[in-house]
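# Observations on the three-dimensional arrangement
What follows is each chain in one-letter form.
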Amino acid sequence: MPDVFGIVLAGGEGKRLAPLTLDRAKPAVPFGGNYRLIDFALSNLVNAGYRRIVVLTQYKSHSLDRHVSRTWQLSPMLGNYVAPVPAQMRRGPHWYAGSADAIYQNFNLLNDERPEYIIVFGADHIYRMDPRQMVDQHVASGAAVTVAALRAPLSQADQFGVIETAEDGRRISAFREKPTDAKGLPDAPDQIFASMGNYVFTAEAMVDALTADAEDESSKHDLGGDIIPVLVERGEAEVYDFTRNEVPGATDRDRGYWRDVGTLDAYYDAHMDLISVDPIFNLYNRQWPILSWPDPLPPAKFVFEDEGRTGRALDSMVCAGVVISGGTARRTVLSPGVHLHSYSLVEDSIVMQGTEVGRNAVVRRAILDKDVKVAPRAQVGVDPEADRERFTVSSAGVVVIPKGQTVEA
């Protein structure tokens, strides 16, 4: 097995996910009831056997650092670890200037481990991937870098970093940011390769490229924007076609699934897929599990069945510690420790850990962050104008209540 060292870039602010990111970094945002966004990237690496991993953090990192430290404790006896590494200003009194600078400022980690290859993943996308297949292609090719890409319609090229290839479909001939005149692929003229922000580098090539970039004052010190184009120009960059990745236990339906949940509406839509009858993304794949460590809570509990009130959840995901006490949840994700009181109604929503919905309250098409208190008879998602005066409302009309807020009637 190649000697591979993992770096997860987890310094994103996630401004478009505000107010969910007011108090936490984007990779620490909860997802799917039991998980955080970063758990998906880490699960892919650990499931593949890559178990020397550092997580580079920067903005509002306490929640993320705590989650990684508590959840991702691997066996040190075997030399395995997942370690959060906050910005340390090792190269002077400044924060990370970009993703390339984040790695450059932590070259001490590479000096300590001395790996042959370095796999760099982003921390805030929803997908399954077996990265061993990408590493194997990279090692066989002898390239300096291999960039993971997914196929997208040519008409959407202006939304992505686009990879153009030579006739062999592998060597990268151009790496362009959101072009309006992109070329189709040699084997599919109506498609483009969109960069996923996942890379495999040969260690020596990465060190040389990042050292040269650090001395360039005109650079923005970004992997995708500055480092990859230099390696493309030298003919040392290849693309890995993510649609060919074979994940153990995957179905034809969820093969190639990858979602950027960087906006409130994309985040909401990805959750509504999870609770559909036949979701595209399959959380139940035990051969390639999404790993996390939920709090040790008692089983979910549904109480009361009498005239006018029945504790029930329909077309929903219900986590441990939930108590539905004579209330109703429909098409909703109920995270650990949520409590719905009698006659309450929650529909088409995402309810995060520890939130309480009071008696006779109504919540529709909403995201309630952790520890929100919805007062008895309060309404969320019922009156759009009233919601816009008090809360954040997404472009698609989803109401978002920040962490720890009380919603009065």
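Up top is the structure.
The structure contained in this document is the topic of the report that follows. Predicted model only: the values in this text are computed from it and were never measured.

## Overview of the sheet that holds strand β26 (residues 362–364)
If you walk across this open sheet you meet the five strands as β17-β20-β23-β26-β29, and the pairing is parallel. Strands at the two margins of the open sheet, each flanked by one partner only, are β17 (312–314) and β29 (379–380). The pairing of strand β20 (residues 328–330) with strand β23 (residues 345–347) spans three bridges and is parallel. Bridging from a neighbouring strand, T328 pairs with L345 of β23.

## Here we look at the pairing of strand β1 (residues 4–10)
Buried residues dominate β1, accounting for six of its seven residues. Two strands pair when backbone bridges link them, and β1 and strand β4 (residues 52–57) are joined in this way by five bridges, in the parallel orientation. In the sheet register, I7 faces β4, and the bridge partner there is V54.

## A few points about the packing of helix α6 (residues 203–214) against helix α7 (residues 223–233)
Running from N to C, α6 and α7 cross one another at 120°; their axes reach a closest spacing of 10 Å. With respect to α7, the axis of α6 lies oblique. α6 and α7 meet at a crossing whose hand is right-handed. Residue-level contacts link A209, L210 and D213 of α6 to L223, D226, I227 and L231 of α7. Split into classes, the residues belonging to the contact of α6 with α7 amount to five nonpolar, no polar and two charged.

## Let's talk about the packing of aromatic side chains
Tallied over the full model, the rule gives nine aromatic pairs. Among the aromatic residues, those joined into a ring-pair cluster are F31, Y35, F40, Y257, Y267 and F281. Sitting above the plane of the F304 ring, R309 keeps its charged end 3.7 Å from the centroid.

Cut-offs applied
Residues numbered from 1 in each chain as written. Predicted model: local features only at pLDDT ≥ 70, side-chain atom pairs only at ≥ 80, totals over all residues. Heavy atoms only, no water. Pairing = 2+ DSSP bridges. Helix = DSSP H or I, 4+ residues; strand = E, 2+ residues; numbered from the N terminus. Buried < 20%, exposed > 50% of the residue type's maximum accessible area, 1.4 Å probe, protein only. Axes fitted to C-alpha atoms, helices over the stretch in contact; angles between N-to-C directions. Parallel < 35°, antiparallel > 145°, perpendicular 65-115°, else oblique. Left-handed = near helix turned anticlockwise from the far one by under 90°. Contact = heavy atoms within 4.5 Å. Nonpolar A, V, L, I, M, F, W, Y, C, P; charged D, E, K, R; others polar. Phe/Tyr/Trp six-rings, centres within 6.5 Å; stacked < 30°, edge-to-face > 60°. Lys NZ or Arg CZ within 6 Å of the ring centre and 35° of its normal.

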